[in-house]
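# What the coordinates show
Below are the chains, spelled out letter by letter.
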Amino acid sequence: MLKKVILITGANGEIGQYLIKELNRKNIENILAIDLHPLSIQCRIEQYLQGSILDIKLLKAIQEKYIVSEIYHLAAILSTKAEKNIQLANDVNIKGTKNILDLAKKLGKKYMIKIPFFFPSSIAVYNTISNNSFTINEEMTEEKPITIYGQAKLKCEKMGFDYMKNCNSKEIDFRCIRFPGIISASTMPSGGTSDYVPEMIHHAAKNLKYECFIKKDSQLPFIVMPDAIQAIFNLMNADINQLTTYIYNITSFNQPTHNFYLKIKNYYPQFEMIYDIDLKRQKIVDSWPNNINDKKAKEDWGWEPQYNFDNAFNKYIFPEIKNIIQETM
Ligand code: SER
């Protein structure tokens, strides 16, 4: 008999690792995880496939061997890396997403099931320069993102919606969140532009000096990883009749770069940071919103972050990092 599994792509990424741990905490282990790299966490899953979402043979093998009951399609090339590898970024971010949507469609049709499909989008779909406003008031789809990454996210949001519409929502139930920067205490991001805040934290914890590539008064919205994962669960578990859209903004706190530095320095007084602005990355940050309105997520599926600027550091980031350091000593 074929096994029913939850498919997670990009499983070894920051969101993937935390998502798997949280599913395991809920005693969910029927997970089929894919990533290009070996899995770097201890966890209980059905199978780990080290490979690419661009590998059609691999996807075919999944189609033949499993019934996929849910998809979390997290694999992506983040914004800074995407600008440097445009072809690779478009292949992974656009073609890869199409491949996973095709897989969902085929499996949905074959087993006559509707597959919930989670897609992580981003504040990168916005462009505050062309909008002439630093705050995004509601989810809109007619944006003109300046990054290759943001353009791909926008395209894939639309593609997911079209797949869902074309099958009258029979095979795919596509839902997505436009994430702000995400801060994880247990992993260090790579290839993103909002990385300056988590990098700052992890450098301080390792007693390393940090060269911040973004200006001291720039501001982006952020959340911490436990809230990001809770949001994914809440959205995916929401009754479809509660949803007024398939795209939702979420956020928690937004502070100028320098306030993050001061907050971290309070805890790690020896921490030293200098500013060495990367103009390309600064331009990206300047085009992203300072803040976004997440009213719809609050109204439709009860989104409420557990962590704000203060308790994110005092209750999650600092204690968690301390634990990790102690465990590795
Ligand atoms: N945090 C991502 C990045 O910086 C955007 O979603 O690339």
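What counts, and where the lines are drawn
Residues numbered from 1 in each chain as written. Predicted model: local features only at pLDDT ≥ 70, side-chain atom pairs only at ≥ 80, totals over all residues. Heavy atoms only, no water. Core = buried A, V, L, I, M, F, W, Y, C linked by side-chain atoms within 4.5 Å. Buried < 20%, exposed > 50% of the residue type's maximum accessible area, 1.4 Å probe, protein only. Helix = DSSP H or I, 4+ residues; strand = E, 2+ residues; numbered from the N terminus. Contact = heavy atoms within 4.5 Å. Patch = residues over 30% accessible without salt bridge, like charges linked within 9 Å, V, L, I, M, F, W, Y side chains within 5 Å. Areas by Shrake-Rupley, 256 points an atom, 1.4 Å probe, with all protein chains shown as cover. Salt bridge = Lys/Arg side-chain N within 4 Å of Asp/Glu carboxyl O. Lys, Arg positive; Asp, Glu negative; His and termini not counted. Charge placed at Lys NZ, Arg CZ, Asp CG, Glu CD. Near = heavy atom within 4 Å. Polar contact = N/O pair within 3.5 Å; in protein donor to acceptor, adjacent residues only side chain to side chain. Nonpolar A, V, L, I, M, F, W, Y, C, P; charged D, E, K, R; others polar. Axes fitted to C-alpha atoms, helices over the stretch in contact; angles between N-to-C directions. Parallel < 35°, antiparallel > 145°, perpendicular 65-115°, else oblique. Left-handed = near helix turned anticlockwise from the far one by under 90°.

In summary, soluble globular proteins display a tendency toward joint burial of nonpolar side chains. Core analysis: the biggest nonpolar cluster contains 109 residues, and Ile-8, Ile-62, Phe-179, Tyr-196, Met-200 and Trp-301 have the highest contact counts within it. It is helix H8 (residues 225–237) that provides the largest number of residues to this core, a total of eight residues. Once residues lying within four places of it in the same chain are set aside, the contact partners of Ile-62 are Leu-7, Leu-32, Ile-34, Leu-49, Val-68 and Leu-103.

What follows covers a positive patch on the surface. There is a patch of like positive charges on the surface, built from Lys-60, Lys-105, Lys-106 and Lys-109. For the positive patch, the leading source of residues is helix H4 (residues 86–111), giving three residues. Along the chain, Lys-60 turns up in helix H2 (residues 56–65). For Lys-60, a relative accessible area of 47% gives the class partly exposed.

So, on to the site of the ligand. Close contacts around the ligand come from Leu-78, Ser-79, Ser-122, Tyr-149, Gly-192, Thr-193, Ser-194 and Trp-288, and that covers them all. In the environment of the ligand, an oxygen atom lies 2.7 Å from a nitrogen or oxygen atom belonging to the side chain of Ser-122. At 2.6 Å from an oxygen atom of the ligand is found a main-chain nitrogen or oxygen belonging to Thr-193. Class assignment for the residues of the shell around the ligand results in three nonpolar, five polar and no charged.

Here we take up the packing of H2 against H4. The N-to-C vectors of H2 and H4 enclose an angle of 25°; their axes lie 11 Å apart at closest approach. Regarding the angle of H2 to H4, the classification is roughly parallel. Pair H2 / H4 crosses with right-handed handedness. In contact with Ile-56, Leu-59, Ile-62 and Gln-63 of H2, H4 contributes Asn-99, Ile-100, Leu-103, Lys-106, Leu-107, Lys-110 and Tyr-111. Residues belonging to the contact of H2 with H4 are distributed by class as follows: seven nonpolar, two polar and two charged.

Tracing the sequence through the fold places Ser-52 in the loop between strand E3 (47–50) and H2. Here the alpha-carbon distance between Ser-52 and Ala-75, two residues 23 residues apart in the chain, equals 9.2 Å. Setting aside residues up to four positions removed in sequence, Ser-52 forms contacts with Leu-36 and Leu-58. Among the polar contacts made by the side chain of Ser-52, one reaches the main-chain amide nitrogen of Leu-54 at a distance of 2.8 Å.

Note on backbone geometry: most residues besides glycine have negative phi, and most peptide bonds are trans. Its identity as a non-glycine residue notwithstanding, Met-112 has a phi of 50°, on the positive side. Tracing the chain through its elements places Met-112 in the loop between H4 and strand E5 (115–122). Classification of Met-112 by relative accessible area gives exposed; the value is 76%. Here the phi dihedral of Ser-169 falls at roughly 60°; this positive angle occurs in a residue that is not glycine. With respect to the helices and strands, Ser-169 occurs in the loop between helix H6 (148–166) and strand E7 (172–179).

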